[in-house]
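Understanding the architecture of this molecule
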Amino acid sequence: MNEPVPVHPAPVPVLALGDILLVSLQGELHDGLAEQLQQDLSHRIATTGVSGVVIDISGVDIVDSFLGRVLAEIASTARLLAARTVLAGMRPAVAITLVELGLVLPGLTTALDVDRAMEVLSQRGR
């Protein structure tokens, strides 16, 4: 008999666009995957010397307190490694939930979409 193969969540893709890393989160991000993303991004920032990170959350329906903390920690780590982080595509319901939870995201600049996030990072580089 064939035994079921355990399903492991696919890693979150991180694209390099010049000196900016683009991370596009889709669906629900489980705790283990969020922590893996945090480690992967820290490593990529340190080894590539990028100046910015854009995290696109337009495909995320829910940001809980854990994911909010991970996003803030990614921004703090990136800042210590001389990169800026912009959170793009936050849905109104997600913003309301973050406010209701009392979560602040220190070190994170926000933008309505990825294009505007890229503009923010390019303007700061000048």
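Look up: the structure comes first, before these words.
We now turn to the structure provided with this report. (Residues numbered from 1 in each chain as written. Predicted model: local features only at pLDDT ≥ 70, side-chain atom pairs only at ≥ 80, totals over all residues. Heavy atoms only, no water.)

**Concerning the pattern of salt bridges**
Any two side chains of opposite charge can pair, on the condition that their charged atoms come close. Let me state the cut-off plainly: The term salt bridge refers to a pairing of a side-chain nitrogen on Lys or Arg with a carboxyl oxygen on Asp or Glu at a separation within 4 Å. Helix and strand definitions follow DSSP, with helices as H or I runs of at least four residues and strands as E runs of at least two, each counted in order from the N terminus. For the exposure calls, accessible area comes from a 1.4 Å probe over protein chains only, and a residue counts as buried if that area is under 20% of its type's maximum, exposed if over 50%, partly exposed in between.
With the rule as written, the count across this model stands at two salt bridges. As a salt-bridge pair, arginine 91 and aspartate 61 come within 2.7 Å of each other at their nearest N and O atoms. In this pair, arginine 91 sits in the loop between strand 4 (84-88) and helix 3 (92-100) while aspartate 61 sits in the loop between strand 3 (52-59) and helix 2 (65-80), placing the two residues 30 residues apart along the sequence. Classification of arginine 91 as partly exposed rests on a relative accessible area of 36%.

**Remarks on the pairing of strand 2 (residues 20-26)**
Stated formally: Paired strands, as defined in this entry, are two strands with at least two bridges between them according to DSSP. Viewed with both strands pointing away, a crossover whose connecting path from the first strand over the helix to the second turns clockwise is right-handed.
Within strand 2, five of the seven residues are buried, which leaves it mostly tucked inside the rest of the structure. Pairing between strand 1 (residues 14-17) and strand 2: four bridges, direction antiparallel. Residue pairing for strand 2: alanine 16 is matched across the bridge by leucine 21. Hairpin connection between strand 1 and strand 2: a loop of two residues separates the two successive antiparallel strands, and glycine 18 in this loop has a positive phi of roughly 65 degrees. In the sheet, strand 2 pairs with strand 3 via six bridges, with the strands oriented parallel. The partner of isoleucine 20 across the bridge, within strand 3, is glycine 52. Viewed along the sheet, the connection from strand 2 through helix 1 (residues 31-48) into strand 3 turns out right-handed.

**A closer look at helix 1**
The line we're drawing: By this rule the span expected of a helix is its residue count minus one, scaled by 1.5 Å. Each C-beta atom gives one direction from the helix axis, and the arc is the one those directions make. Pairs of residues are marked as contacts when any of their non-hydrogen atoms sit within 4.5 Å.
The terminal C-alpha atoms of helix 1 lie 26 Å apart, and with 18 residues this matches the ideal 26 Å at 1.5 Å per residue to within 8%. Along helix 1, the positions that sit buried rather than exposed are Leu33, Ala34, Leu37, Gln38, Leu41 and Ile45. Buried residues along helix 1 cover an arc of 145 degrees about the axis, so they all sit on one side. For helix 1, exposure combined with an orientation more than 90 degrees from the buried face picks out Gln39, His43, Ala46 and Thr47. Tucked inside the fold, the buried residues of helix 1 contact strand 1, strand 2, strand 3 and helix 2. Positioned one or two residues after helix 1, glycine 49 has a phi angle of 70 degrees, which is positive.

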